[in-house]
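Observations on the model geometry
These are the residues of each chain, in order.
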Amino acid sequence: MPTVEISDPALVQPGSFLTLHYRMAGPDGANIINTFDGKPATLSLGTGELSPAIEQRLLGLPEGTRSSFELAAGEAFGERNPDLLQWVARKLLNELGDPNEKYSIGDVVQFPTPDGMGQYAGAVQQVKADGDAVQFDFNHPLAGQPVVFEVHVIGVL
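The notes below deal with the structure included here. As the structure is a computational prediction, the values presented were derived from the model and not from experiment. (Residues numbered from 1 in each chain as written. Predicted model: local features only at pLDDT ≥ 70, side-chain atom pairs only at ≥ 80, totals over all residues. Heavy atoms only, no water.)

Considering only enclosed or pocket space, the largest pocket measures out at about 150 Å³ in volume. Leu93, Gly97, Tyr103, Val109 and Gln110 are, among the 13 residues lining the largest pocket, the residues nearest its centre. The set of elements that each furnish at least two residues to the lining of the largest pocket consists of helix 2 (90–96) and strand 6 (108–112). Classifying every residue of the lining of the largest pocket by side-chain character gives seven nonpolar, two polar and four charged. (1 Å grid on protein atoms, 1.4 Å probe; cavity = no way out; pocket = protein on both sides within 12 Å on 5 of 7 lines; lining within 4 Å. Points joined across faces, edges and corners; volume = space filled by probe spheres on them. Helix = DSSP H or I, 4+ residues; strand = E, 2+ residues; numbered from the N terminus. Nonpolar A, V, L, I, M, F, W, Y, C, P; charged D, E, K, R; others polar.)

In structure tokens form, the structure reads like this:
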């Protein structure tokens, strides 16, 4: 009688290319992102698509695994850094974007990186009464917050 070898499932390793469903929820339990109801995500570990703390939790998981884990406040996206609260002159904002733009607390604004190759975002915290400067928070919105990460590892290459 022939024998059939059953190979072990592939394990998530540094640099693995993954197909997975995942859900990330903030401290209030509300979804930040959830792919379970749609198309799975594909990504490579080590390219910055997930935070290093989340990638660490995925390492060693076998293909087919469903898992959920909690990351403590600040672990997933770092602690809040008060130095990332910065005032930006209206003159510079006019140069970078629409001079007629009205800024409101909570607005998220994209800024070009100094090399012009990428972007980063800041959330409006305050607008000076005379309108000549806007304070932005350049921290990640989840910096200093706990998150729950739920994953189903569909495929590992």
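Next comes the rest of the write-up.
As for its placement among the helices and strands, Asn139 is situated in the loop between strand 8 (133–137) and strand 9 (147–156). Residue classification places Asn139 among the buried positions, given a relative accessible area of 9%. A distance of 2.8 Å separates a polar atom in the side chain of Asn139 from the backbone nitrogen of Asn81. For Asn139, the side chain forms a polar contact with the side chain of Asp137, separated by 2.8 Å. (Buried < 20%, exposed > 50% of the residue type's maximum accessible area, 1.4 Å probe, protein only. Polar contact = N/O pair within 3.5 Å; in protein donor to acceptor, adjacent residues only side chain to side chain.)

Another aspect to go through is the packing of aromatic side chains. What the rule picks out here adds up to eight aromatic pairs. Plain terms: the ring middles of Tyr22 and Phe149 are 5.4 Å apart, the flat faces sit at 25° to each other, and that makes the pair stacked. Of this pair, Tyr22 sits in strand 1 (residues 17–25) while Phe149 is found in strand 9, placing the two residues 127 residues apart along the sequence. For the pair formed by Tyr22 and Phe149, the shared burial category is buried. Ring centres of Phe111 and Phe136 lie 5.0 Å apart, and the angle between their planes is 90°; on these two criteria the pair is classed as edge-to-face. With a gap of 25 residues between them, Phe111 in strand 6 and Phe136 in strand 8 connect regions that are remote in the sequence. No difference in accessibility class separates Phe111 from Phe136, as the two residues are buried. Taken together, the aromatic side chains of Tyr103, Phe111, Tyr120, Phe136 and Phe138 make up a single cluster linked through ring pairs. Above the ring of Trp87, the side-chain terminus of Lys128 is found at 5.3 Å from the ring centroid. (Phe/Tyr/Trp six-rings, centres within 6.5 Å; stacked < 30°, edge-to-face > 60°. Lys NZ or Arg CZ within 6 Å of the ring centre and 35° of its normal.)

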